[in-house]
Amino acid sequence: MTQRDNQSHEKRFRTLAVGSTKDTSSSEKSEPSDVVAPLHLSSTFEWASENDANKHDYSRESNPTRAALEEQLARLEGGEHGLAFASGMAAISTTMLSLVPPGGHLVSSDSLYSGTEKLLTEFVAGHLGVDVEFVDAREPENVATAVDSNTDLIWAETPTNPLMRLCDVRSIADITHDYGVPVGVDSTFASPYFQSPLELGADIAVHSTTKYLNGHSDSIGGAVVTDDDEIFENLAFAQRIGLGNMLSPFDCYLVARGIKTLPARMEHHQENAMAIAHLLEAHDRVASVYYPGLESHPQHNLAAEQMSGYSGMLSFEFDGTLVELEAFIDGLELFTPGASLGGVESLVEVPSLMIPDEVSHGSATAEIPETLVRISVGIEDVDDLCEDLRTALP
């Protein structure tokens, strides 16, 4: 039994994942009670007034399929409000643009997905004049030094992409809440199954639903969950009116379907990742392995404290030349070279070889090693995955 099963929600996590997708668009007992929330593709719903008024009238502003997913996301994260966006970056940008005014002050961890970094440096700072301050958030004291009464938002990513660094969410929240500053956490790598930012004191939990929540590499989306009513109202307005970047009904349907198997998938992802991490750690062509589940990880104790599991993402430094590293990648049969993560299939990525000039990896101050390899461990048979790695490693 995992820590997530012991939380004080109305139902345990696995039950919520399977059973919290019922259609809430009608309260009439005579209406069908669907086990699976129906897919509502209509852009417009018949208008009615007074007691006959519909809950939904136009799908940009509200849609039954999206409403069911957003309610489901909130329950999984233990929050009051959920919002589904057209992409993970849409969820992140909406959060920042809604909460940080032009000329404001935002403090961010310095190791993070480079799409977020470029958003912060080139748009939030470059176009809106926001003072964006990057700090090594592995040490909460660095956040304490940067935040003040004029700070509008703290942004953290944990575990980070692709260096697998952690931020102490509870300590950061304790520091920043003295100033009344909201804390947003990108928890995509952990998924709601293995980490609960809101329970740790964060105000906002953000996910790319493209990854583990959907889990099948066939939908692009993002999610924000909060238990703060004011933050929710600001973000909901931006989602539906200000920016209009909500998730489509079909993608909502796919994500809701994926969530039903999230607990089972995450357990399998973690089991396979742990075995692969141990294999790589013992291999003489691997210089170092970054996986929070390993005792050798410098923040393993923090991971054990604030996460209930270690997920399926890991990175390692290959001990060799780029030519040898490329030969290793070419020799893999089960690990598909690809830039995404969190699907049932195993993916491998070398940022320096595959996407050096793209918005995929980077860090405000933390250098990405040239021979770094990031693996999204799938749910294939672990013996096959390990054999594939052994065969391909020179």
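Owing to the predicted nature of the structure, the values given are computational and were not obtained by experimental measurement.

What counts and how
- Residues numbered from 1 in each chain as written.
- Predicted model: local features only at pLDDT ≥ 70, side-chain atom pairs only at ≥ 80, totals over all residues.
- Heavy atoms only, no water.
- Pairing = 2+ DSSP bridges.
- Helix = DSSP H or I, 4+ residues; strand = E, 2+ residues; numbered from the N terminus.
- Axes fitted to C-alpha atoms, helices over the stretch in contact; angles between N-to-C directions.
- Contact = heavy atoms within 4.5 Å.
- Patch = residues over 30% accessible without salt bridge, like charges linked within 9 Å, V, L, I, M, F, W, Y side chains within 5 Å.
- Areas by Shrake-Rupley, 256 points an atom, 1.4 Å probe, with all protein chains shown as cover.
- Salt bridge = Lys/Arg side-chain N within 4 Å of Asp/Glu carboxyl O.
- Lys, Arg positive; Asp, Glu negative; His and termini not counted.
- Charge placed at Lys NZ, Arg CZ, Asp CG, Glu CD.
- Buried < 20%, exposed > 50% of the residue type's maximum accessible area, 1.4 Å probe, protein only.
- Core = buried A, V, L, I, M, F, W, Y, C linked by side-chain atoms within 4.5 Å.
- Phe/Tyr/Trp six-rings, centres within 6.5 Å; stacked < 30°, edge-to-face > 60°.
- Left-handed = near helix turned anticlockwise from the far one by under 90°.
- Nonpolar A, V, L, I, M, F, W, Y, C, P; charged D, E, K, R; others polar.
- pLDDT = per-residue confidence, 0-100.
- Right-handed = clockwise from strand over helix to strand, strands pointing away.

### Looking at the sheet that holds strand S3 (residues 131-135)
Phase 1 of the analysis: Reading across the sheet, the 7 strands line up as S1-S7-S6-S5-S4-S2-S3 and stay open at both edges, with mixed pairing between neighbours. The open sheet terminates on both sides in strands that have one partner only, identified here as strand S1 (81-85) and S3. The mean angle between the axes of side-by-side strands here comes to 20 degrees, regardless of whether they run parallel or antiparallel.
Phase 2 of the analysis: Sheet analysis places strand S4 (residues 153-157) next to strand S5 (residues 183-186), joined by 4 bridges and oriented parallel. Note that in S5 the partner of Ile154 across the bridge is Val183.
Phase 3 of the analysis: Along the sheet face, helix H4 (residues 114-125) touches strand S2 (105-109), S3 and S4 and points at about 150 degrees away from the line of S3.
Phase 4 of the analysis: On top of the sheet, helix H6 (residues 169-176) reaches S4 and S5; it is set at about 160 degrees to S5, its chief contact.

### Details of a negative patch on the surface
Phase 1 of the analysis: A cluster of like negative charges, contributed by Glu80, Asp227, Asp229 and Glu233, occupies part of the molecular surface.
Phase 2 of the analysis: Here Glu233 is to be found in helix H8 (residues 229-242).

### Considering the pairing of S1
Phase 1 of the analysis: Burial runs high along S1: 5 of the 5 residues are buried.
Phase 2 of the analysis: Inspection of the sheet shows S1 paired to strand S7 (residues 222-226) by 5 bridges, in the antiparallel sense. In the sheet register, Phe85 faces S7, and the bridge partner there is Gly222.

### Re the nonpolar core
Phase 1 of the analysis: Ranked by size, the top nonpolar core spans 63 residues in total, and within it Leu69, Ile276, Leu280, Leu314, Phe316, Phe328 and Ile375 carry the most contacts.
Phase 2 of the analysis: Examining the composition of this core, we find that 7 residues originate from one element, helix H10 (residues 262-281), more than from any other.
Phase 3 of the analysis: Contact partners of Ile276, with chain neighbours within four places excluded, come to Leu314, Phe335, Val377, Leu385, Cys386 and Leu389.

### Remarks on the packing of aromatic side chains
Aromatic ring pairs are reported here in terms of the distance separating the ring centres and the angle at which the planes meet.
Phase 1 of the analysis: According to the stated counting rule, one finds 5 aromatic pairs in the structure shown.
Phase 2 of the analysis: Through a chain of ring-to-ring contacts, the aromatic side chains of Phe13, Tyr193 and Phe194 assemble into a single cluster.

### Observations regarding the packing of helix H3 (residues 88-99) against H8
Phase 1 of the analysis: Interaxial distance between H3 and H8 falls to 9 Å at its minimum, and their mutual angle equals 115 degrees. As for the relative orientation of H3 and H8, their crossing is right-handed in sense. Together, Thr94, Thr95, Ser98 and Leu99 of H3 and Ile231, Asn234, Leu235, Ala238 and Gln239 of H8 make up the contact between the two elements.
Phase 2 of the analysis: The class makeup of the residues in the contact of H3 with H8 is 4 nonpolar, 5 polar and no charged.

### Considering the pattern of salt bridges
Phase 1 of the analysis: Summed over the entire model, instances satisfying the criterion amount to 10 salt bridges.
Phase 2 of the analysis: With its nearest N and O atoms 3.8 Å apart, the salt bridge here joins Asp218 to Arg257. Residue Asp218 is located in the loop between strand S6 (204-208) and S7, and its partner Arg257 is located in helix H9 (residues 249-259); the two are separated by 39 residues in the primary sequence.
Phase 3 of the analysis: Its relative accessible area of 37% is what places Asp218 among the partly exposed residues.
Phase 4 of the analysis: Since its relative accessible area comes to 46%, Arg257 is described here as partly exposed.
Phase 5 of the analysis: Among the ionic pairs, Arg374 bridges to Glu349, the shortest N-O distance being 3.6 Å. One end of the pair, Arg374, is in strand S12 (residues 372-376); the other, Glu349, is in strand S11 (residues 347-349), with 25 residues separating them in the sequence. There is no split in this pair, since Arg374 and Glu349 are both buried.
Phase 6 of the analysis: Connected via shared salt-bridge partners are Arg66, Glu70 and Arg240.

### A closer look at the confidence of the model for the protein chain
Phase 1 of the analysis: Here the protein chain shows a mean pLDDT of 91. Residues at 70 or above account for 90%.
Phase 2 of the analysis: Contacts for the low-pLDDT stretch residues 23-30, under 50 throughout, to residues beyond four places or in other chains number 11 contacts.

### Topic: the environment of Ala264
Phase 1 of the analysis: Tracing the backbone through its elements, the reader meets Ala264 in helix H10.
Phase 2 of the analysis: Sequence separation between Ala264 and Ile379 is 115 residues; the distance between their C-alpha atoms is 9.9 Å.

### Some remarks on the sheet that holds strand S9 (residues 313-318)
Phase 1 of the analysis: Pairing is mixed in the open sheet, where 5 strands are placed in the order S8-S9-S12-S11-S10. Strands at the two margins of the open sheet, each flanked by one partner only, are strand S8 (286-290) and strand S10 (336-337).
Phase 2 of the analysis: Two elements, S9 and S12, share 5 bridges in a ladder whose sense is antiparallel. Bridge pairing in S12 places Phe316 opposite Val373.
Phase 3 of the analysis: Here helix H12 (residues 322-331) sits on the sheet in contact with S9, S10, S11 and S12, set at roughly 140 degrees to S9.

### Some details on the pairing of S5
Every other side chain in a regular strand lies on the same face of the sheet, so the side chains alternate between the two faces.
Phase 1 of the analysis: What you see with S5 is no split at all: Val183 and Val185 on one side and Gly184 and Asp186 on the other are buried throughout.
Phase 2 of the analysis: The β-α-β motif built from S4, the intervening H6 and the parallel element S5 has right-handed crossover chirality.
Phase 3 of the analysis: With 3 bridges connecting them, S5 and S6 associate as parallel partners. The residue bridging Gly184 from the neighbouring strand is Ile204, located in S6.

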